[in-house]
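# Architecture and fold: a report
Okay, here's what each chain looks like letter by letter:
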Amino acid sequence: MPSGPNFRPAIIDARRELEEGRGKLRAQHDRGSPGVQVCARLTDLLDTVLLDLYQDALDQEADGIEPLIALVPNGGYGRRDVAPYSDVDLMLLHEPGATTRIQPFVRRFTQSLYDTGLDLGFCSRTPRQACRLALQDPTIFTSLVESRYLGGSEQLFTRFFNRFRKNAQRHSTSLIASIEAARQEERQQYGETVYLLRPNIKRSRGGLRDLQLIRWIGFARYGEADYKSLERASVLDQEDHNRIRDAREFLLRLRNELHFYSGKPHDQLDKEEQVRLAEKYGFSGNESVLPVENFMREYIEHTSDVRYVTANLLALAKQRMTLPSLIGRLVSHRVGNDFRVSARHISATRQGLEKVCTSLEEILRLMDLCNLYDIRIDQPTWRAIRQAMIGRPHIEMSPGAAERFLSLLSQPPRLANLLRRLHELRALEKLVPAVAHARHLMQFNEYHKYTVDEHSIRAVEAATSFRDMEGPLAEAYARIGSKRTLHLALLVHDLGKGFDEDHSEVGRRLAAETAAHLGLPAHETELLCFLVHKHLRMSHLAQRRDLRDDAVVAEFAFECGSLEALRMMYVLTCADLAAVGPGVLNSWKLDLITQLYQRTSEHLAGESITGSGGSHPQIRSKIRAMIDGEPERDWWYAQISALPRDYLADTPPETIIGQLRALQDLPPGQALAWARYLPERAAVEYTIGTHETITPGIFYKLTGALTSKGMQILSAEIHPLTDHLVLDRFFVSDPDHSGAPPEERIEEVNRALVAALCRPDDAPPSFRRLWSHPTPDGETLGELPVQVRVDNSSSDDYTILDIFAHDQIGLLYTITKTVNRLGLSVHVAKIGTYLDQVVDVFYVTDEDGAKILDEGRIAEIKRTMHAALEGSDTTSA
């Protein structure tokens, strides 16, 4: 920044005044002044500085031009809620034909503004130009809505603004449509739902931009932008006005804090900021809910109120202004004495309004009619129901209401949309009381993208979307007889979160209470409780256990007990993952879950559960026939007999023969690597063949080679053959490529795998930092403790290590190196990410190939693994 002596005294004074003024406002903000007040005083500060610079520029002007111009703040500056480091929008309004006369003044004035260091958005227009551009561009229109007079000719400003207001109301239909479209596009970029857990407080749904949208729609339709004026015009009721007033204060104070703390424009409410703000504003927590989760719950409550008021006002403005709405009233018809149906809306009569405000059965009847006619509830009816539900803590659940709700749950079309509407009406929590606790309940981790209530409804939405797919998942959903049980389980499955106990245990009790509330029969209650209590079971088995183990399948089949329950568990598991966020239910996970479903289906149907390898004797026979005539026949037969069945089932016989032939000729101390892309799993399979004596720690060195190349390892299999040969398979995701990696990438990774074994050294590999979320003071947010669990009951042949640790660079390498140091042999490995944690699962044996049963040895394994993961930096491990 240039030093002071380079500027005129007026600029120096302005810069000093801005710096001192911002300092005083920061102190005022830190003392707890309301956000609205700080913004207003910042606006006053800017007004003073701009008027001084305006007068300074005028004083140097010989020609008297002040009657020809007017200073007009726009946007947030005009609205008087400008943030500490926001840009300053200013329009110089001037009379037609005055452009040449005012040019010297404009140059001096704008140069002075830029020299003060303001982030300025400046334009110079005549009233006619401003009004014409406003009709062409919604961004210009919305900025000009916030216009106010600051200096110059007040008569010129008044003439402009009156003309602008008339033009706006005359073209309100097209203006509202363009404003809505622009806002929709912005929301899609920054967050379409208020339940987003990393929102932009200005641009995400329910944020400051939607508060501004109320003003813009109000101005275009009714000629008023001020909230109080809209309330006086009966466009907003007092309750709505109070809600948006409180939300505006909350959001402006947050935005001021974000700007002051960062010293620059900053509107993203990252998780690091959420933690800091929760502490700064004194939010408390308990064993089940963090302070930051309570802070975000309040944030979401405010933004939900904004979203609700904005949506209602927009619908009301569009409804009143359209010709079809007038025609609709003429051609509408009644449904009994309670409702009137038009082309676009359904409304309650006076008699019907009394019923829907006091009866859940009537609300559901109204929803059924909406579904039948594919129309929406009109705003007066909607508002009356919502206010009635908010004001009635308890409302009777009649048998008729329960029957209608269960009927609604049985119908997939538009189900999620209807549940979401019931939730917005505050009626869903009367039908399923556990929903009230989950409203706006945040899950503070890197895994979930939405609040508990939104996630639950999205899970229902995901399940109903499966009917439009092809494959086993769509078939399973179609064959479910009682879809209402499945949909209710999805709605309830996570409502046990936010309590001290495990959410699955709490969920089972809530499921039983919900079933009693709705009057479900005993057998359906039992199934509902099972699905909610075990809703994580299938995902954990598929991603953490060896699906080749018949005992795993048999135990899961016993738990499910029937094909109907299994189908529900399959669909519920996939829907739950899909509802977490985009890309969570990827091809790899879906394939694993489907494998478990299909093998368990066979078992429940009384068929063999040998799975995909069920035909492995035939495959072995086919391969033996294909190698007829090869020398060293006994060697070939021994290797073919040693091949694992999954490898046999997954790999074409020609490929198997080629790999075995290469291994037959492989000299000691050498290794080979092959790769192929599996489009159905969206993964790359890397296969490495070598002699088991090539180097100590084959598995961890291969792991290090893959992770150092940026690979995300999904699972691994270690296959010992005869003659001390080994064949290891790794299934990986390559984040650098959305589909099949190019050949040069495959070769690069293959070379790294071979080098890790043939040219090993003791130096750890370097790991790429693919992404990171910086945290205050280097701390990790929401980090869960390391856990090492030893399972000797799930497998007859192996000890299973379940290792839970916070995800970080080089973690898997550290784990596998420690496993090797402990003298354990890894036979199967599965790697997955859940919440903010990696969950790595290893099927291991001791040096003699036996399970680890000695308690002292088990304690040593746990102690050593904890020390490795907690006492060292895995990045350099």
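This section reports on the structure supplied with the text. Please read all numbers here as calculations on a predicted model, not as lab measurements.

The rules behind each value
- Residues numbered from 1 in each chain as written.
- Predicted model: local features only at pLDDT ≥ 70, side-chain atom pairs only at ≥ 80, totals over all residues.
- Heavy atoms only, no water.
- 1 Å grid on protein atoms, 1.4 Å probe; cavity = no way out; pocket = protein on both sides within 12 Å on 5 of 7 lines; lining within 4 Å.
- Points joined across faces, edges and corners; volume = space filled by probe spheres on them.
- Nonpolar A, V, L, I, M, F, W, Y, C, P; charged D, E, K, R; others polar.
- Pairing = 2+ DSSP bridges.
- Helix = DSSP H or I, 4+ residues; strand = E, 2+ residues; numbered from the N terminus.
- Contact = heavy atoms within 4.5 Å.
- Axes fitted to C-alpha atoms, helices over the stretch in contact; angles between N-to-C directions.
- Phe/Tyr/Trp six-rings, centres within 6.5 Å; stacked < 30°, edge-to-face > 60°.
- Buried < 20%, exposed > 50% of the residue type's maximum accessible area, 1.4 Å probe, protein only.
- Lys NZ or Arg CZ within 6 Å of the ring centre and 35° of its normal.

Right, let's get into empty space enclosed by the protein. Taken as a whole and judged by the stated rule, the model has 4 cavities of 30 Å³ or more. Lining the second largest cavity are Met367, Cys370, Ile375, Arg376, Ile377, Trp382, Arg414, Asn417, Leu418 and Arg421. Of the residues assigned to the lining of the second largest cavity, the class counts are 6 nonpolar, 1 polar and 3 charged.

Strand order in the open sheet formed by 4 strands is E5-E6-E7-E8, and the pairing between neighbours is mixed. The sheet terminates laterally at strand E5 (333-335) and strand E8 (376-377), the two strands that pair on one side only. In this sheet, strand E6 (residues 339-341) lies alongside E5 in antiparallel orientation, the contact comprising 3 bridges. The residue of E6 that forms the bridge with Val335 is Phe339. Across the sheet, helix H16 (residues 360-373) lies against E5, E6, strand E7 (345-348) and E8, angled at about 10 degrees from E6, the strand it touches most.

In the Ramachandran plot, Arg80 falls in the positive-phi region, its phi being about 70 degrees despite a non-glycine side chain. Following the sequence through the fold, Arg80 ends up in the loop between helix H3 (75-79) and strand E2 (88-94). Residues other than glycine seldom take positive phi values, yet Arg426 does so here, at roughly 65 degrees. One can find Arg426 in the loop between helix H19 (415-424) and helix H20 (428-431).

Let us now look at the packing of aromatic side chains. Under the defined criterion, the tally for this structure stands at 23 aromatic pairs. Arranged with centres 6.1 Å apart and planes meeting at 75 degrees, the rings of Tyr54 and Phe109 form a pair that is edge-to-face. Here Tyr54, found in helix H2 (residues 35-59), pairs with Phe109, found in helix H4 (residues 99-115); they are 55 residues apart in sequence, far enough to count as distant. By relative accessible area, which is 0% here, Phe109 ends up buried. Chaining the aromatic ring pairs together yields one cluster made of Phe141, Tyr149, Phe157, Phe160, Phe161, Phe164 and Phe219. Directly above the aromatic system of Tyr477 lies the positively charged group of Lys483, at a separation of 5.1 Å from the ring centroid.

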